[in-house]
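# Tertiary structure, described
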Amino acid sequence: MGLVESGKIPKPLTHLLNLSRKYSLWVYQWGLACCAIEMGAAFGSPRYDVMRLGVIPLPASPRQADLVVISGTVTDKMAPAIRRLYEQMPDPKYVISMGSCANCGGPYWDSYSVTKGVDQIIPVDVYVPGCPPRPEALLEGIVLLQQRIGSEDMAARWRGDGDSAERWRGGPVVVD
Amino acid sequence: MALDVDRDALVLGLRDELGDAVLDAVVVAGVDVWVRVDRRAWVQAAEACRDRLGLRYFCFLSAIDWLPSPFGRAEGQGVDLSRLAGAETVPMEQGAVETVPMEQGVAGGETRFQLLARLSSPTTQLGLTLKADVPDDDLRVDTWSGVYAGADWHERETAEMYGIEFVGHPHPAHIYLPGDFEGYPLRKDFPLVARLVKPWPGIVDVEAMPGEPVEEVADVAADGTEASA
Amino acid sequence: MSTVSERQQQAYVAGVAADARINVELETEGMTLNLGPQHPATHGTLRIVVRLEGEQVVEAEPVMGYMHRGYEKLVEVRSYPQINTLVNRIDWLGSFANEVPFILAAERLMDVEAPPRAQWIRTLFFELSRIANLSLFLGDLGVQLGAITPVFYAFRDREHVLNLIESATGGRFHPNFDRIGGLKEDLPRGFVDEARAAMGKLRDFCDELETLLFGNEIFERRTRGIGVIPAEVALGYGLSGANLRASGVDWDLRRDQPSPLAWSEIDWKVWTHPDGDSFARCWVRLQETREATFMVEQLLDGLPSGPIMAKVPRIVKVPTGEAWVSTENPLGEMGYYVVSKGDTGPFRVKIRSASFNNISVLPWVLRGVYVADVITIISSMYFILGDVDR
């Protein structure tokens, strides 16, 4: 049992490890629908550049990613693929749900083929509302996630205490 | 009534080829033309359109379910059980929507399900809307995939949404819905379950913009009727 | 008059024959490869199952439905203004263009005509959405063929158009600006000058991309002669838009179909190409983007003044009837068949989306091509999954 898992690390070292983790996130862009374009603008365009936050949007596969941004409508047909993707990611992993379709079903809340929110399948850390949210809103969601990572209790996480949201000292974050 | 020579010529050409199979035709001058044919001549009509009338462009193929929705417009207002297809006559529940008779649209119709297809010509810019009745007890029509290659996928979609079988289709399989989906979604008696569980509240109180006076917003019910003041 | 040289054609055929010989000698078994549903090249959640003999595709089957949201069922319980919001999200890159045929169908049933200023501004936003849509296509085209740079230029220059749309409507895409009888509100002050400047920048982008990508020998070798679709096959499958015009069919609904919008009032050209291969499709779209910038400038010059909205009741009830309206959207021909029974919302709407037909030709065109060419062909066909799956 390592030092991190057993919680025996001194605070400054925890702080340093959290710092290094939050500024070296590799984002897997799971772009499904219109939000994928805004996510592409946030991650790929020179104006809303995300690399200045330390987040690299170019992992080659989900097995090399720390963070996944689910952007767009989740349908029942797609849900197993998302579950499999989440399980392929190595711990510690974080999920940002972008857009109202991924948050709660959005404008398609009454459809017969839409999953009402991706949090029915995978645990979500940050919800970014909007239809579609501006690229700046997504960047704010990432910044808030980074703040959360900075104050994260890694020992609790390795013990597997509860849901991802409960692992934080508080509930999930909603970007205003 | 203004005369539309070109569109009338389309109808005449079809009547010439199909004879009695053309059950009804409506021409709105300068706008559009609808023709309803017997479903047994469905493929023959397609061949006539493509070869004789020059309508080589396949636009779409789908169907219409003319049954008025037993769940009402907002799908949460109360259920008229007597209108659920196949149900025995049941007295209407209190607060249920009033019974509306089933009425087909342009170019008439006698059955609940009607096929709808559109073909156009890239050279003469004319288009034709074809309809065909499909009886409830025999939901089968011949496939168009031999005539228009694009009809293949459209028929798959219509089959999974309405339950109409296309005889002779090379690869009938679900195209949109997951393999284990039950039911035919676009039929009117297929409810949107989320709306039954939590009905749409209609237009709620609207907040005034900052600086604007609070105006009295009329109380509008979910189906759009304004309540008397 | 084909620009694919004899030598290139012979080389391709010889390569295919050599491959077939090797497959027989080595007795390679067929392999089933699954492209997608999450794949950088498929513009979304399309899954293509290909059966391979060596490097060649024997059979290709697109599997769709991963973005099926049930539009045609959802619109039956919504009112017309609510549907307008929803319909924006079908073709999510050029969103304004999705609203227009629906609003025109409702206006035809209501026998209402929007005032001229509204029609001109509708045409203006229609062409702006075409530029927004196709500029992303041009960027993505590079990425799918291995050239990473164009996508950054595309996103940067697309921002100019999105700024314009946002300044007038409040939304970068999904403007939800069209209303039955006109538009939501008038253009803001300074829009005309900003738009002119933006069009200049977008023309520079088109020129840059032409030299960067279309002048590149690798791009030419990868796209010329690949995925040839003859005109009759295209018509039978219902291909539309640039795909059809690249096969030599001179058909553009903006020019050929009478419409209340302002296309007949300005001077513009329809671009076609005789080859029908991937290069032709990409080339036609590049020319259309540039043509759209010229059209926008003419529309800005000739904008009439006047009211922006016709007299329409607050709660819109559309009389009984059926109407079919289709327009030349950036992706192809998009149309709505609206069946109304006199209610605040329609009885049935059949949404004819261009990309559904555009992809239906894939099983036919992908037979016998190499795996690398599969990506070239689907990127040149250009579809948006929201449009395919509705």
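Rules used throughout
- Residues numbered from 1 in each chain as written.
- Chains lettered and ligands numbered in written order.
- Predicted model: local features only at pLDDT ≥ 70, side-chain atom pairs only at ≥ 80, totals over all residues.
- Heavy atoms only, no water.
- Helix = DSSP H or I, 4+ residues; strand = E, 2+ residues; numbered from the N terminus.
- Buried < 20%, exposed > 50% of the residue type's maximum accessible area, 1.4 Å probe, protein only.
- Contact = heavy atoms within 4.5 Å.
- Areas by Shrake-Rupley, 256 points an atom, 1.4 Å probe, with all protein chains shown as cover.
- Phe/Tyr/Trp six-rings, centres within 6.5 Å; stacked < 30°, edge-to-face > 60°.
- Lys NZ or Arg CZ within 6 Å of the ring centre and 35° of its normal.
- Pairing = 2+ DSSP bridges.
- Axes fitted to C-alpha atoms, helices over the stretch in contact; angles between N-to-C directions.
- pLDDT = per-residue confidence, 0-100.
- Polar contact = N/O pair within 3.5 Å; in protein donor to acceptor, adjacent residues only side chain to side chain.
- Core = buried A, V, L, I, M, F, W, Y, C linked by side-chain atoms within 4.5 Å.
- Buried area = accessible area lost by both parts, 1.4 Å probe.
- Salt bridge = Lys/Arg side-chain N within 4 Å of Asp/Glu carboxyl O.
- Nonpolar A, V, L, I, M, F, W, Y, C, P; charged D, E, K, R; others polar.
- Disulfide = S-S within 2.5 Å.

## Some remarks on the overall build of chain A
Of the regular secondary structure elements, chain A holds 8 helices and 5 strands. Along chain A, helices and strands appear, N-terminal first, in the series α-α-β-α-β-α-β-α-β-α-α-α-β. Each of the 176 residues in chain A was classed as buried or not, and the buried ones make up 57%. Relative to all contacts within chain A whose residues are 6 or more apart in sequence, the contacts with residues 24 or more apart total 76%. Looking at chain A as shown, the accessible area adds up to about 7200 Å², and 56% of this sits on carbon and sulfur atoms.

## Some thoughts on the packing of aromatic side chains
Two aromatic rings are characterised by how far apart their centres lie and by the angle between their planes. Going through the model one piece at a time under the given rule, you end up with 27 aromatic pairs over all chains. Measuring from centroid to centroid gives 4.8 Å for W42 of chain B and W144 of chain B, while their planes differ by 20°, and the two rings are stacked. Here W42 of chain B is found in helix 2 (residues 42–52), whereas its partner W144 of chain B is found in the loop between strand 6 (140–142) and helix 3 (151–162), with 102 residues between them in sequence. Look at W144 of chain B and you get buried, because its relative accessible area is 0%. On the basis of an interplanar angle of 55° and a centroid distance of 5.2 Å, the ring pair of F125 of chain C and F177 of chain C is categorised as tilted. A residue pair is termed long-range when its members are at least 10 positions apart, and F125 of chain C in helix 5 (residues 116–145) and F177 of chain C in the loop between helix 6 (149–169) and strand 4 (178–179) qualify at 52 residues. On the accessibility criterion, F125 of chain C (1% relative accessible area) is buried. Taken together, the ring pairs in this structure connect W42, F58, W144 and Y148 of chain B into an aromatic cluster. A cation sits over an aromatic face here: K77 of chain A above Y66 of chain C, 5.2 Å from the ring centre. For K341 of chain C, the ring lying beneath its charged end belongs to F347 of chain C, and the centroid distance is 4.5 Å.

## Some details on the sheet that holds strand 2 (residues 47–53) of chain C
All names here are of chain C. Reading across the sheet, the 3 strands line up as 1-2-3 and stay open at both edges, with antiparallel pairing between neighbours. Taken across any chain shown, the strands that pair with only one partner, and hence form the sheet edges, are strand 1 (30–35) and strand 3 (56–63). Averaged over all pairs of adjacent strands, the angle between strand axes in this sheet comes to 20°, irrespective of strand direction. In terms of strand pairing, strand 2 meets strand 3 through 7 bridges, oriented antiparallel. Looking at strand 3, one finds that V49 is bridged to E61. Of the strands in this sheet, strand 1, strand 2 and strand 3 are in contact with helix 15 (residues 371–381), which crosses strand 1 at around 35°.

## Description of the confidence of the model for chain C
Of the residues in chain C, 94% reach a pLDDT of 70 or more, and the chain-wide mean stands at 87. This complex was scored by the predictor with a pTM of 0.86 and an ipTM of 0.85.

## Overview of the side chain of N84 of chain C
All names here are of chain C. Along the chain, N84 turns up in helix 3 (residues 80–87). A residue is classified by how much of its surface remains accessible, and N84, at 2% relative accessible area, is buried. Here D178 takes part through its backbone oxygen, which lies 2.4 Å from a polar atom of the side chain of N84. Ignoring sequence-local partners within four residues, the contact set of N84 consists of E99, F102, I103, N176, D178 and R179.

## Side note on the nonpolar core
Buried together is how nonpolar side chains tend to be arranged in soluble globular proteins. With 216 residues, the main nonpolar core has I70 of chain A together with L130 and W144 of chain B as its most contacted residues. Per element, the largest residue contribution to this core is 15 residues, and it comes from helix 5 of chain C. Once residues lying within four places of it in the same chain are set aside, the contact partners of L130 of chain B are L14, V35, V37, W42, A45, C49, L115, L116, A117, L119 and W144 of chain B.

## Here's the deal with unusual backbone geometry
At the junction of C131 of chain A and P132 of chain A, the peptide bond is cis and its omega measures out at -10° in the coordinates. In this structure, P132 of chain A sits in the loop between strand 4 (126–128) and helix 6 (135–150). Unlike most non-glycine residues, N176 of chain C shows phi in positive territory, near 55°. Examined against the element boundaries, N176 of chain C turns out to sit in the loop between helix 6 and strand 4.

## Things to note about the interface of chain B and chain C
A common way to state how big an interface is: give the accessible area lost once the parts meet. Contacts between the two partners involve 54 residues from chain B and, on the opposite side, 50 residues from chain C. Between chain B and chain C, a total of about 4400 Å² is buried, with carbon and sulfur atoms accounting for 56% of that surface. Linking chain B with chain C are 5 salt bridges, by the criterion used here. A salt bridge links K350 of chain C to E157 of chain B, with the nearest nitrogen and oxygen atoms 3.9 Å apart. Between the two partners, chain B and chain C, sit 23 residue pairs in polar contact (both at pLDDT 80 or more). Where the side of chain B that touches chain C is concerned, the elements lending two or more residues are strand 2 (32–37), strand 3 (57–65), strand 4 (113–120), strand 5 (127–134) and helix 3 of chain B. With 8 residues, the top contributor of residues to the side of chain B that touches chain C is strand 3 of chain B. Residue composition of the side of chain B that touches chain C, by class: 29 nonpolar, 10 polar and 15 charged.

## Observations concerning the pattern of salt bridges
Scanning the entire structure with this criterion turns up 44 salt bridges over all chains. Residue D110 of chain A pairs with R78 of chain C through a salt bridge whose shortest N-O separation is 3.0 Å. On the criterion of chain membership, the pair formed by D110 of chain A in the loop between helix 5 (100–104) and strand 4 and R78 of chain C in the loop between helix 2 (71–74) and helix 3 is interchain, its members lying in two chains. Residue D32 of chain B pairs with R118 of chain B through a salt bridge whose shortest N-O separation is 2.9 Å. Residue D32 of chain B is located in strand 2, and its partner R118 of chain B is located in strand 4; the two are separated by 86 residues in the primary sequence. Taken together, the salt bridges that share partners define one network made up of E127, R130, R245, D252, R254, E288 and E328 of chain C.

## Quick look at the state of the cysteines
Residue and element names in this part refer to chain A. Taken as a whole and assessed by the stated rule, the structure comprises 0 disulfides over all chains. C104 carries a free sulfur, and the closest cysteine sulfur to it, the one in C101, is 7.9 Å from it. Judged by relative accessible area, C104 falls into the partly exposed class, the value being 44%.

## Digging into the interface of chain A and chain B
With 6 residues of chain A at the interface, the matching set in chain B holds 13 residues. Of the roughly 800 Å² buried at the junction of chain A and chain B (both faces included), carbon and sulfur atoms supply 71%. It is W109, D110 and Y112 of chain A that lose the most area in chain A upon contact with chain B, and together they represent 75% of the buried surface on that side. Scanning the region where chain A abuts chain B turns up 0 salt bridges. Where chain A packs against chain B, one counts 0 residue pairs in polar contact (both at pLDDT 80 or more). Considered class by class, the residues forming the side of chain A that touches chain B number 2 nonpolar, 1 polar and 3 charged.

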